[in-house]
Amino acid sequence: MRRNQALVRQRTGLATFGPSLVYDSPDLVEQVAHLGFDWIWLDWQHGQFTEATLNQALARFLAVESAPIVRVKGNEPGTINRVLDMGAMGVIVPMVQNAEEAAAAVQAAFYPPKGRRSAGGVRLELIGGSFEAYTQSANDEIMLVVMVETEAAVGEVRAIMNVPGVDVVLIGPFDLMIDVKASGHDAAHHERLVEEVAAASRETGTAAGYVCASAEAVERRLAQGFRFINYGLDHFVLLGGMGAIRDQTRAWAGAR
C-alpha cells in the first residue's frame, strides 16, 4: 500500500503544506504534483473540476509522492466514497458544524470497523498493490480534514477534534468572516475564534489547519501552532504571474 507521507508527518506533529487547484486541467495538476508538495488540494467544491477531469487528475498522482486531497462538495457519503475510489489519499469536508457531522464524515471515509465506506474502485489496486491489500490498509493512509467555517462550529471545535478518525480541523477563514460579520462582529472577533481553534488543537492533539493568503499569514499561523497550511492558489498564481509580465511589457512599451 502506498504510504501517505503527508499523513505520517501530520500524525507525528510536523507541519504539512500544499496549494489548492481550481482549474480543471489534469495536465496542470500533473505539473504541480511533480513539484514535491506534501499534498495538493483539488477543489471540487468551488473549483471547475467535473467528475471526469477530477478522475483524470487523480491518475496523475500515481507516480509521485505528493498526496492528492479532494475538497468534496459536501458531507455526503456517496461523494466522499467516490473520490476515494478515484484514488484520493484524503478528503476535505466543508461546513462541518458539530461532532455528529464530523462522525458522519468518518463513517464515509473509512472501511469497517472504523467506518462504513463501501469497497470498490478500479484504480485502488494500483495504489494498494492489490485490491485486497488496499482495503486492508487504506484506513491507515487516508487523511480526513473537516472544515469549521462558522462561529457555531468553532464553539464545537473541541468535540469535533475529539472524534476518532478526524486528522485535521481546518478553518475556512473567508466563510468564517462572512458569518462573523453577519452577526455584527469584526476582524478582531474573527481572530479570537482563530485563537480558540489553535488552543483546542493544543489541548486535544488534533492538528489545526488554515487557508493562508500570504507568506506573512503562513508565518503567523505556524507561530500559533497551526500544522496544516494551505498556501497558494493556481488562479492567483496565474493572475499574479501574468500581471507581472503585463506590467513589464507596458514598461518596455513606454520606454520606446
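Residues numbered from 1 in each chain as written. Predicted model: local features only at pLDDT ≥ 70, side-chain atom pairs only at ≥ 80, totals over all residues. Heavy atoms only, no water.

### Description of the side chain of His 189
Move 1: With respect to the helices and strands, His 189 occurs in helix H11 (residues 187-204).
Move 2: Judged by relative accessible area, which is 12%, His 189 ranks as buried.
Move 3: Apart from residues no more than four positions distant in its own chain, His 189 is found in contact with Glu 151 and Val 180. (Helix = DSSP H or I, 4+ residues; strand = E, 2+ residues; numbered from the N terminus. Buried < 20%, exposed > 50% of the residue type's maximum accessible area, 1.4 Å probe, protein only. Contact = heavy atoms within 4.5 Å.)

### Remarks on the packing of helix H4 (residues 77-86) against helix H5 (residues 99-109)
Move 1: Here H4 crosses H5 at 40 degrees, and the two axes come no closer than 8 Å. On the basis of their axis angle, the class for H4 and H5 is oblique. The two elements H4 and H5 meet at a crossing, and its hand is right-handed. Packed against H4, whose contacting residues are Pro 77, Ile 80 and Leu 84, the element H5 presents Ala 105, Ala 108 and Ala 109 at the interface.
Move 2: A breakdown of the residues in the contact of H4 with H5 according to their chemical character gives 6 nonpolar, no polar and no charged. (Axes fitted to C-alpha atoms, helices over the stretch in contact; angles between N-to-C directions. Parallel < 35°, antiparallel > 145°, perpendicular 65-115°, else oblique. Left-handed = near helix turned anticlockwise from the far one by under 90°. Nonpolar A, V, L, I, M, F, W, Y, C, P; charged D, E, K, R; others polar.)

### Quick word on the pairing of strand E3 (residues 67-71)
Move 1: With 5 of its 5 residues buried, E3 lies for the most part within the structure.
Move 2: The alternating pattern of E3 places Ala 67, Ile 69 and Arg 71 and Pro 68 and Val 70 on opposite faces, both of which are buried.
Move 3: Relative to E3, strand E2 (residues 39-43) runs parallel, the two being bridged by 5 bridges. Bridge pairing in E3 links Trp 39 to Ala 67.
Move 4: Handedness of the crossover joining E2 and E3 through helix H3 (residues 51-59): right-handed.
Move 5: As judged from the 3 bridges shared by E3 and strand E4 (residues 90-93), these two strands associate in the parallel manner. By the bridge assignment, Ile 69 is partnered in E4 with Gly 90.
Move 6: Running through H4, the crossover from E3 to the neighbouring parallel element E4 is right-handed. (Pairing = 2+ DSSP bridges. Right-handed = clockwise from strand over helix to strand, strands pointing away.)

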